Amino acid sequence: MLVVMQAQATEEQVRAVCKKIEAHGLRPHSIPGAQRTAIGITGNQGLVEIGLEEMPGVQEVIQVSKPYKLVSRDVKQDNTVIRFSAPKGGEIGIGGTELAIIAGPCSVESREQAFAIAECVHRAGVRFFRAGAYKPRTSPYSFQGLGLEGLQILAEIRERYGLKIVTEAIDHESLDLVEEHADVIQIGARNMQNFSLLKRAGRAKKPVLLKRGIAATLEEFLMAAEYVMSEGNYNIILCERGVRTFVDHSRNTLDLSVVPAVQRLSHLPIIVDPSHGTGQRTKVTPLSRAAIAVGADGLIVEVHNDPDRALSDGPQSLYPDQFEELMSELRQIASVLHRSIPPQSAQSQRPQTAAVR
Ligand code: PEP
Ligand code: MN
């Protein structure tokens, strides 16, 4: 159920409605919008009669027919922008006019490797650094990540470059540590329906990057986000990373059509992962261009300074110069859509050189 407040409703009136909802053992979620505040109600099974219609400041009480409520555009018409404080003052947003490009290696392998790649992506104009410290690998014999040591390296990278850190939590224990050390908690494709982990992420104080499950429908994807939001964390970034199909020319099938589909149904930002979506370096650049053209709010891209020796996902990692070139192409595509990507960082611009391989 959803309580739509009048445009001129006061904060006190909003609080009184929330109190009444709580008094009935239900949970209010106050969601301020550009025009008016809406209050989502969770915890009820179907319609409940609380008599909210008569309260001062209430415009109407409506039943939300979709299974997902809080993530739905019915509850909030304007786009959600996830806001971070910028290192030199001001704000960085995900879901606003500026596109969010998140880049870095699949895994933190060593301090030297992570710093070398952070230097490259920072120079290219990136504001968010990705790298896994806890890796969900198909084989138990594959590199599992550096764990806490990896998180500490990432925290040092934030200090050095002012990059916001995006890294994956794979269970409750790692989520506690990721929440403490990172800026965005990534929930991977394999955990998209780990409901206990989603609820824990919903109680976290940091934004959540939720990746689409490897065979998840759009509704299942949005329901996973609803799990996080129903616990009180409204800062969620959705991420399309490809789904499993019959094709064998790429690791997964990147479903770019899900971007406008999500944008119609939900107010949450959605970004695209062309690296796991394709599994092959040669396809990452074309699909990155396409993802921005289709209207995604950003990308998460794997970049490695020595992909042949990477401990995970080398074949899909861009070389630093390829990534720099991609960024300059994306800036041009973004401008057609009246969006932007930050410029190369001033202190480290260098002449463009054609890469030969
Ligand atoms: C990753 O981002 O490194 C990762 C493991 O992604 P996914 O969960 O999409 O497979
Ligand atoms: Mn990876």
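(A) A look at the overall build of the chain. The helix and strand inventory of the chain stands at 10 helices and 14 strands. Expected size for 357 residues packed as a compact globule is a radius of gyration near 21 Å; at 21 Å, the chain falls within 12% of this value. Considering only C-alpha atoms, the chain reaches an extent of 70 × 45 × 40 Å along its principal axes. In the chain, which comprises 357 residues, the proportion classed as buried is 55%. Sequence-distant contacts, at least 24 apart, represent 68% of the contacts inside the chain between residues at least 6 apart. When the accessible area of the chain is evaluated, it comes to approximately 15,600 Å², of which 50% is carbon and sulfur surface. With 40 positive and 41 negative side-chain charges, the chain shows a separation of 2 Å between the mean positions of the two kinds.

(B) Structural context of the coordination of the manganese ion (ligand 2). Binding of the manganese ion (ligand 2) to the protein goes through Cys-106 (SG), His-276 (NE2), Glu-302 (OE) and Asp-313 (OD), at separations of 2.0 to 2.3 Å. Along the chain, the residues donating to the manganese ion (ligand 2) fall in the pattern C-x169-H-x25-E-x10-D. Of this pair, Cys-106 sits in the loop between β7 (100-104) and α2 (111-123) while Asp-313 sits in the loop between β14 (298-302) and α10 (320-336), and the two are 207 residues apart along the sequence. Judged by its relative accessible area of 3%, Cys-106 falls in the buried class.

(C) View of the environment of Gly-150. Looking at the element boundaries, Gly-150 is found in helix α3 (residues 148-161). With relative accessibility at 0%, the residue Gly-150 sits in the buried group. Along the sequence, Gly-150 and Arg-111 sit 39 residues apart, while their C-alpha atoms lie 8.1 Å from each other. Other than its neighbours up to four places away in sequence, Gly-150 contacts Val-108 and Ala-133.

(D) Region of the structure containing the sheet that holds strand β1 (residues 2-5). The sheet built from 4 strands is open, its strands ordered β2-β3-β1-β4 with antiparallel pairing. Each of the sheet's edge strands pairs with one partner strand only, and the pair in question is β2 (27-32) and β4 (58-62). In this sheet, adjacent strand axes meet at a mean angle of 20° when their direction is disregarded.

(E) Quick peek at the domain arrangement of the chain. Annotation of the chain at the domain level lists domain 1 (2-62) and domain 2 (82-336). Here the C-alpha centroids of domain 1 and domain 2 sit 35 Å apart.

(F) Fine view of the pattern of salt bridges. For the structure on display, the rule yields 17 salt bridges. The residue Asp-176 makes a salt bridge to Arg-200 at a minimum N-O spacing of 2.9 Å. Placement of the pair is Asp-176 in helix α4 (residues 172-181) and Arg-200 in helix α5 (residues 195-202), with a sequence separation of 24 residues. Look at Arg-200 and you get buried, because its relative accessible area is 13%. Notably, a salt bridge pairs Asp-297 with Arg-339, separated by 2.8 Å at the nearest N-O pair. Residue Asp-297 is located in the loop between α9 (281-294) and β14, and its partner Arg-339 is located in the segment after α10; the two are separated by 42 residues in the primary sequence. Each member of the pair, Asp-297 as well as Arg-339, carries the same accessibility label: buried.

(G) Main features of the side chain of Gln-113. Locating Gln-113 in the fold gives a position in helix α2. A distance of 3.4 Å separates a polar atom in the side chain of Gln-113 from a polar atom in the side chain of His-304. Not counting residues within four places of it along the chain, the set of residues in contact with Gln-113 comprises Pro-105, Ser-107, Val-108, His-304 and Asn-305.

(H) Structural context of the environment of Thr-42. Within the secondary structure layout, Thr-42 lies in strand β3 (residues 37-42). When sequence neighbours within four positions are dropped, the list of residues in contact with Thr-42 reads Leu-26, Arg-27, His-29 and Leu-70. Among the polar contacts listed, one links the side chain of Thr-42 to the side chain of His-29, at a separation of 2.8 Å.

(I) Representation of the site of ligand 1. Every residue lining ligand 1 is accounted for by Cys-106, Arg-130, Lys-135, Glu-168, Gln-186, Gly-188, Ala-189, Arg-190, Lys-211, Arg-241, His-276 and Glu-302. Gln-186 is positioned such that a nitrogen or oxygen atom in its side chain is 3.0 Å from an oxygen atom of ligand 1.

(J) Representation of α4. Of the positions making up α4, those classed as buried are Ser-174, Leu-175, Val-178, Glu-179 and His-181. In this structure, the buried side of α4 is in contact with α3, β9 (164-168), β10 (184-187) and α5.

(K) Looking closely at the confidence of the model for the chain. Looking at the chain, pLDDT values average 94 and 96% of them are 70 or higher. Of the regions scoring below 50 in pLDDT, residues 351-356 engages in 4 contacts with residues more than four places distant in sequence or in other chains.

(L) Up close: the pairing of β7. Judged by how many residues are buried, β7 sits mostly within the fold: 5 of 5 residues are covered. Side chains of β7 alternate between two faces, with Ala-100, Ile-102 and Gly-104 and Ile-101 and Ala-103 buried alike. Here β7 pairs with β14 via 5 bridges, running parallel. When the bridges of β14 are listed, Ala-103 appears paired with Val-301. Of the pairings in the sheet, the one linking β7 to strand β8 (residues 128-130) comprises 2 bridges and is parallel in character. If you follow Ala-103 over to β8, its bridge partner there is Phe-129. A crossover links β7 with its parallel partner β8, the connecting element being α2, and its sense is right-handed.

Rules behind the numbers
Residues numbered from 1 in each chain as written. Chains lettered and ligands numbered in written order. Predicted model: local features only at pLDDT ≥ 70, side-chain atom pairs only at ≥ 80, totals over all residues. Heavy atoms only, no water. Helix = DSSP H or I, 4+ residues; strand = E, 2+ residues; numbered from the N terminus. Rg over C-alpha atoms; globule rule 2.2 N^0.38 Å. Buried < 20%, exposed > 50% of the residue type's maximum accessible area, 1.4 Å probe, protein only. Contact = heavy atoms within 4.5 Å. Areas by Shrake-Rupley, 256 points an atom, 1.4 Å probe, with all protein chains shown as cover. Lys, Arg positive; Asp, Glu negative; His and termini not counted. Charge placed at Lys NZ, Arg CZ, Asp CG, Glu CD. Donors = N, O, S within 2.8 Å, 3.2 Å for Na, K, Ca; no water. Pairing = 2+ DSSP bridges. Axes fitted to C-alpha atoms, helices over the stretch in contact; angles between N-to-C directions. Domains from an automatic or database assignment. Salt bridge = Lys/Arg side-chain N within 4 Å of Asp/Glu carboxyl O. Polar contact = N/O pair within 3.5 Å; in protein donor to acceptor, adjacent residues only side chain to side chain. Near = heavy atom within 4 Å. pLDDT = per-residue confidence, 0-100. Right-handed = clockwise from strand over helix to strand, strands pointing away.

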